[in-house]
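# Topology and contacts: notes
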Amino acid sequence: HDVALEFMKSASINLVLEANMENGVFLPSKVADIVSCKTPILTISPQNGVMHDLIVQYGGGVWADCDSVDSIADALRTIIRDWNDNRFEDSKYSTKLLEDTFSPSKVYEDYVKAIHL
């Protein structure tokens, strides 16, 4: 786990793949690990997926539709252009809002709400 975290911290960007499934899967814990590393995320996922919603709502990177080769190609072009132009400091790549969403206090708060439903 520690080796994986160090590798993710050293990366310019991290990739999250989410399959297009009838019943979406839960959020993988690796996403929280990536967010804790403060690295931008390229996510390739369905439009109705968890990662799409997170990136659109909180920023932190670029989303591409896993069902569209053109969308994936556009996202890769965007990432490469922004990396070449040193734009990973731009607000769309900031993981701050995602960090707040995955903070221990927020997770605890959501857990308590879920228990009391």
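Scroll up for the structure.
Now for a description of the structure that goes with this document.

So, how was this worked out
Residues numbered from 1 in each chain as written. Predicted model: local features only at pLDDT ≥ 70, side-chain atom pairs only at ≥ 80, totals over all residues. Heavy atoms only, no water. Buried < 20%, exposed > 50% of the residue type's maximum accessible area, 1.4 Å probe, protein only. Helix = DSSP H or I, 4+ residues; strand = E, 2+ residues; numbered from the N terminus. Pairing = 2+ DSSP bridges. Polar contact = N/O pair within 3.5 Å; in protein donor to acceptor, adjacent residues only side chain to side chain. Core = buried A, V, L, I, M, F, W, Y, C linked by side-chain atoms within 4.5 Å. Contact = heavy atoms within 4.5 Å. Axes fitted to C-alpha atoms, helices over the stretch in contact; angles between N-to-C directions. Parallel < 35°, antiparallel > 145°, perpendicular 65-115°, else oblique. Left-handed = near helix turned anticlockwise from the far one by under 90°. Nonpolar A, V, L, I, M, F, W, Y, C, P; charged D, E, K, R; others polar. Salt bridge = Lys/Arg side-chain N within 4 Å of Asp/Glu carboxyl O.

What follows concerns the pairing of strand S2 (residues 41-45). Of all five residues in S2, five are buried; the element is thus mostly enclosed. Bridge analysis of strand S1 (residues 14-17) against S2 gives four bridges, and the strand direction is parallel. By the bridge assignment for S2, Leu17 is matched with Ile44. Pairing of S2 with strand S3 (residues 61-65) involves five bridges; the strand directions are parallel. The residue of S3 that forms the bridge with Ser45 is Asp65.

Quick look at the side chain of Ser71 now. Residue placement: Ser71 occurs in helix H4 (residues 69-84). Only 2.8 Å separates the side chain of Ser71 from the backbone nitrogen of Asp65, close enough to count as a polar contact.

This part covers the nonpolar core. Listed in full, the 12 residues of the largest apolar core are Leu5, Met8, Val16, Val31, Ile34, Val35, Cys37, Ile41, Met51, Leu54, Ile55 and Leu98. Among the elements of the structure, helix H1 (2-10), helix H2 (29-37) and helix H3 (50-58) are those that each provide at least two residues to this core. With four residues, H2 is the single largest residue contributor to this core. With sequence-adjacent residues up to four places away left out, Leu5 is seen in contact with Asp33, Ser36 and Cys37. Counting residues in each nonpolar core, the second largest holds eight residues, with Leu42, Val62, Ala64 and Phe88 among its members.

Attention now moves to the environment of Trp83. Along the chain, the position of Trp83 falls in helix H4. Distance in space between the C-alpha atoms of Trp83 and Ser12 is 8.1 Å, their sequence separation being 71 residues. Setting aside residues no more than four positions away along its own chain, Trp83 makes contact with Ser12 and Phe88.

Let's shift gears to the packing of H1 against H2. For the pair H1 and H2, the least separation of the axes is 9 Å and the interaxial angle reads 50 degrees. Taken together, the axes of H1 and H2 lie oblique to each other. Where H1 crosses over H2, the handedness of that crossing is right-handed. When H1 is examined against H2, the residues Leu5, Met8 and Lys9 are found in contact with a partner set consisting of Lys30, Asp33, Ile34, Ser36 and Cys37. Among the residues forming the contact of H1 with H2, the class breakdown is four nonpolar, one polar and three charged.

Here we take up the pattern of salt bridges. Applying the stated rule across the entire model yields 12 salt bridges. Linking Lys96 and Asp100 is a salt bridge whose minimum nitrogen-to-oxygen distance equals 2.7 Å. Within this pair, Lys96 and its partner Asp100 are both found in helix H5 (residues 96-101), separated by four residues, close to a single helical turn. By relative accessible area, which is 46% here, Lys96 ends up partly exposed. The exposure class of Asp100 is partly exposed, given its relative accessible area of 36%.

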